[in-house]
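What follows is the residue order along each chain.
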Amino acid sequence: MLKINNLHAKVEDKNILKGLSLEVKPGEVHAIMGPNGSGKSTLGYVLSGREGYEATDGTATLNDKDLFDMEADERAKSGLFLAFQYPVEIPGVSNMEFLKASVDAVREYQQKEPLDAVAFMKLAREKCQEVNLDQAFLKRGVNEGFSGGEKKRNEIMQMMLLEPEVCILDETDSGLDIDALQVVADGVNACRDPKRSFIIVTHYQRLLDYIVPDYVHVLSDGKIVKSGGKELALELEEKGYGWIDQL
Amino acid sequence: MSFTIDFENRDQLDLPALVSKPLPWLKEKQRLAFEQFKSAKTPTRKIEHWKYNDMTFLKGQSFTQSKRANESVLTEVNGEFNQITFEDAIEIFIVDGHIVSDISALRSIEGLTITNFNQTSPAQQDIINSHADIELNSKNLLANLNEATLSDGLLIEVEPKKVIKQPIYIRHVTLSSENPAVSNQKIVVQLAPSAELTLVEHFESSLDDSEQLALQQTSIYLAANSRFTHYRLNLEAETARQVSQVKTTLDRDAQLNSFYLGLGSKLNRTDIETIHAGQNAECNITGIYLPANEQAIDYHTNIEHRVPHCNSNEVFRGIIADKASATFNGKIHIFQDAQKSDAQLNNKNLLLTNQAEVNTKPELEIYADDVSCAHGATVAQLDNKSVYYLQTRGIDKQKAKKMLSIAFVQELLNQIKHESVRDYLSHLLDNYMVKVAN
Ligand SMILES: Nc1ncnc2c1ncn2[C@@H]1O[C@H](COP(=O)(O)OP(=O)(O)OP(=O)(O)O)[C@@H](O)[C@H]1O
Ligand SMILES: [Mg+2]
C-alpha cells in the first residue's frame, strides 16, 4: 500500500534523504531505527507534506496514488497518519473542536456518514479512556500544557479516531514511563488490523517487545542500510549504531 | 437644519449660521469647541495625533450635514440591517446622527430616564454641559466639530440603586447619501450611586461609495459603586468612515466593563478615555479589531489613574488581513498620588499577510512609585507548524487558518456576559473568517 522508491529529499538546501526505498504491505509492522539526525523524522515530514521538506527525486505512493501530488490534508484523508515526535501546542483551539473537525473532514472525504455531535462525544470519550487520558483533556486547548506523555497519548487517540491505513509513529515511546508505554502499545495493538500497517520509528528495543515488528530497518545518513527481522533490533541495541558504520 | 463644512476654509465659518436649531443652554461650550475647531491644524500624518490616519479626504472636500430622516426610514433600516436579538432590550434608532425613534413612546422603566437633548430640563442641561469636555477634545478637531454643531443627542440617566435589567440597544445607522455628508451625535450616560446599566451601541452603514463621515461621542459618568456594561460594535460597511470618542469617568467603587469590536470601515478611529477619579474604581476594557482589504481601524486608549487603589485591565487583540492596517495606542497614566494602582494592558496582533500592517504603541506615564503595572504588545503571524499539524489531521489549509485565527480572538469573545451579543458576534466572526480565508 505504501511504496517509497529511491526517495531523495532536502530541507533548506540540505540533502537529508539520499535514496530511500521501502515497501509496506497491508497489515505489516515496520520498525525504523537509526542514529540522531539520520533522517527518520524527515521521512515522516516529507511523506505527510510539511512545507519546506521537499522531495527532489524518487516516488512515494499510497494505494498507487502519488503522495507528492496531494496537499497535506489530502494525504491524511487518504489514510496516512503521522504521530509526531514533538506535537505542537495550539492554545485557543479546544481538543474537542479539533478532533471533531478532523474526524468530520476525514469522514466526508471518505464519503462516510457524518457523526452527529452526540455520537462524536461518545466516541471521543471512549478513546480517551482507552489511552488513559482524563476527559477533561477534551476541553483543553490542543496539547496545551500537556506533559510529554500526555501529548503522545493524545496522538494515539487521534490515530484511533481517524482509523488511518498507514500509521507512522515517530518516537512515540520516547519520554514515556513504563505504564504509559504499556498504554501506548496497547492502543497500537488494538488498532492492528490486516488492512492497517505501521511504521514505528524508535531508538529502543523496549517498545518492540510490546509491538512486535515484522521488519526492522536501520536508517543511516538518509538511506536504509540494513533490514532484517525483529532480532535486528536486539542486535542493534547490543552493539550500538557504531556497528552499522562498519557494515 | 443642515450646514456645510469646508475644512480648508474653516477659519471663515460662522457657528450660529451653521447650527440653525441650536441648543441655547449649550451655546457657550459650543462656541469654545468651535473656536478650537477653527484654530486646529488640519490633520495630516505630520501631527502626532493623526500620525496613523489618512485624513487626506478632508482636504478640498466640503461636507453637508446629513438630513434628518423621518420615522418611516426605519422600515427600510430594519430590512437592510440585521440586529442582535435581545429578549427585552429597549431599542433606539439613530439614523445619520439623528434620533429617529420616538423617545417619548419608549417603554417606561422605573429608575431609567431617557431624554432627547432638546427636551431636557435645566438640571439635565447642567449634566450635559458637564460632559462637554472641551479640554479633552482639544487635540481632536473632529471631536470639537461634533460638540460645536450638536443639535441632537440623548441623555440616559439611572437613579440611585436602580438596577436596569433591560439593555439599552442603540442602533447607529448611516445611510447612503448623494453628497459628501457628515453626521454628528452625542450620547450622555449618567449613573447615580449604586445604579446598574448595560448599553449596547451597534454601528451599521449602507455599503456605497458616497463620501461620508460619521462623528460620534459617548460620554459616561459612573457615580460611586455604580456598574456599567458597555458594548461598542462597529460593524459598518467597508466604505464607512467614523471618528468617535468614548469617555468614561469612574467615581469611587464604580465598575466599568466594556467591549469593543471593529470590523469594516475604511477609516474607523475610536479614542477611548477612561478616568479613575474615585478610589477603588475598576475598569475591564476588551477589544477586537478585524480590518480586511484596505480598511484601517484604530483604537487610541488612555487610562488615567488619578487616585489610589484603582484597577484597570485592558486587553485588545487584532487580526489584520489583506492590505489592511490597524493602530492600537495604549496609554496608561498614573498620577503621583495614585499609589497602589494596578494597571494591566495587553495587546496582541496577528498579521495574515505580508502587506497587513499594525502599529502598536504602548505608552506609560507613571508618577507614583508603589504601583503594579504590566504592559505587553506582540505582533505575530499564523504559525506554519500549527497549520501543518491541523492539515496532517485532514483539516484543509483554509479551515486550519480559520480555526487558528478564530482561536486568537475567541478567548475574548468567550468573556462576553450577554449571551445574545456573544452568539451574534460568534456568527459574525465565522462569516468574517470565511471572507478572509478566501
Ligand atoms: N528545518 C531544518 N533546517 C535545517 N536542517 C534540518 C531541518 N530539519 C531537519 N534538519 C536536519 O536534518 C537532519 C535529519 O533530521 P531528522 O529530524 O530527520 O533526524 P532524526 O533521524 O529524526 O533524528 P532524531 O533521532 O534525533 O529524532 C538533521 O541533521 C537535522 O539537523
Ligand atoms: Mg526524529
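Note that this is a predicted model, so its numbers are computed, not measured.

Each value, and the rule that gives it
- Residues numbered from 1 in each chain as written.
- Chains lettered and ligands numbered in written order.
- Predicted model: local features only at pLDDT ≥ 70, side-chain atom pairs only at ≥ 80, totals over all residues.
- Heavy atoms only, no water.
- Pairing = 2+ DSSP bridges.
- Helix = DSSP H or I, 4+ residues; strand = E, 2+ residues; numbered from the N terminus.
- Contact = heavy atoms within 4.5 Å.
- Axes fitted to C-alpha atoms, helices over the stretch in contact; angles between N-to-C directions.
- Donors = N, O, S within 2.8 Å, 3.2 Å for Na, K, Ca; no water.
- Near = heavy atom within 4 Å.
- Polar contact = N/O pair within 3.5 Å; in protein donor to acceptor, adjacent residues only side chain to side chain.
- Areas by Shrake-Rupley, 256 points an atom, 1.4 Å probe, with all protein chains shown as cover.
- Nonpolar A, V, L, I, M, F, W, Y, C, P; charged D, E, K, R; others polar.
- Salt bridge = Lys/Arg side-chain N within 4 Å of Asp/Glu carboxyl O.
- Buried < 20%, exposed > 50% of the residue type's maximum accessible area, 1.4 Å probe, protein only.
- Domains from an automatic or database assignment.
- Buried area = accessible area lost by both parts, 1.4 Å probe.

(A) Representation of the sheet that holds strand β4 (residues 53-62) of chain A within the structure. Residues and elements named next belong to chain A. Taken in spatial order, the four strands make up an open sheet running β2-β1-β4-β5, and their pairing is antiparallel. Each of the sheet's edge strands pairs with one partner strand only, and the pair in question is β2 (14-24) and β5 (65-66). Where strand β1 (residues 2-11) lies against β4, eight bridges are found, and the strand directions are antiparallel. Bridge assignment links Lys 3 to a residue of β4, and that residue is Thr 61. In the packing of helix α1 (residues 40-48) onto the sheet, contacts are made with β1, β2 and β4, and the angle to β1 comes to roughly 105 degrees.

(B) Quick peek at the coordination of the magnesium ion (ligand 2). Taken together, A:Ser41 (OG) and A:Gln85 (OE1) make up the protein donors of the magnesium ion (ligand 2), found 2.0 to 2.2 Å from the metal. Of this pair, A:Ser41 sits in helix α1 while A:Gln85 sits in the loop between β6 (80-83) and β7 (90-94), and the two are 44 residues apart along the sequence.

(C) Region of the structure containing the site of ligand 1. Residue and element names in this part refer to chain A. Around ligand 1 sit 16 residues in total, of which Ile 16, Gly 37, Lys 40, Ser 41 and Thr 42 are the nearest. Between a nitrogen atom of ligand 1 and a side-chain N or O atom of Glu 12, the distance comes to 3.4 Å. Within the side chain of Lys 14, a nitrogen or oxygen atom sits 3.1 Å from an oxygen atom of ligand 1. Relative to its unbound accessible area of 640 Å², ligand 1 is 69% covered by the protein chains. In terms of residue count, α1 provides more of the shell around ligand 1 than any other element does, three residues in total. Here the residues of the shell around ligand 1 sort into four nonpolar, eight polar and four charged.

(D) Expanded view of the pattern of salt bridges. Summed over all chains, the structure comprises 28 salt bridges over all chains. Residue A:Asp104 is joined to A:Lys100 by a salt bridge in which the shortest nitrogen-to-oxygen separation is 3.0 Å. With a gap of four residues between them, A:Asp104 and A:Lys100 both fall in helix α3 (residues 95-109), about one helical turn apart. You can call A:Asp104 partly exposed: its relative accessible area is 26%. Salt bridges sharing partners connect three or more residues here, namely B:Glu91, B:Arg171 and B:Glu204.

(E) Region of interest: the domain arrangement of chain B. Residues and elements named next belong to chain B. Partitioning chain B into domains gives domain 1 (2-278) and domain 2 (382-438). Computed over C-alpha atoms, the centres of domain 1 and domain 2 are 32 Å apart. The partner domain 2 presents 12 residues to the 16 residues of domain 1 that form the contact. Carbon and sulfur atoms make up 72% of the surface buried where domain 1 meets domain 2, a total of about 1100 Å² over both sides. We note a salt bridge from Lys 435 to Glu 238, for which the minimum N-O separation is 3.5 Å. At the surface where domain 1 touches domain 2, the tally comes to two residue pairs in polar contact (both at pLDDT 80 or more). The set of elements that each furnish at least two residues to the side of domain 1 that touches domain 2 consists of β10 (196-205), β12 (227-234) and β14 (255-262).

(F) Region of interest: the interface of chain A and chain B. With 33 residues of chain A at the interface, the matching set in chain B holds 17 residues. In total, about 1900 Å² of surface goes out of reach between chain A and chain B, with carbon and sulfur atoms giving 63% of it. Where chain A meets chain B, there are two salt bridges. The partner of B:Lys397 in a salt bridge is A:Glu51, with the nearest N and O atoms 3.5 Å apart. Summed over the shared surface of chain A and chain B, the number is 11 residue pairs in polar contact (both at pLDDT 80 or more). Only α1, α2 (72-77), β6, β7, α3 and α6 (148-162) of chain A provide two or more residues apiece to the side of chain A that touches chain B.

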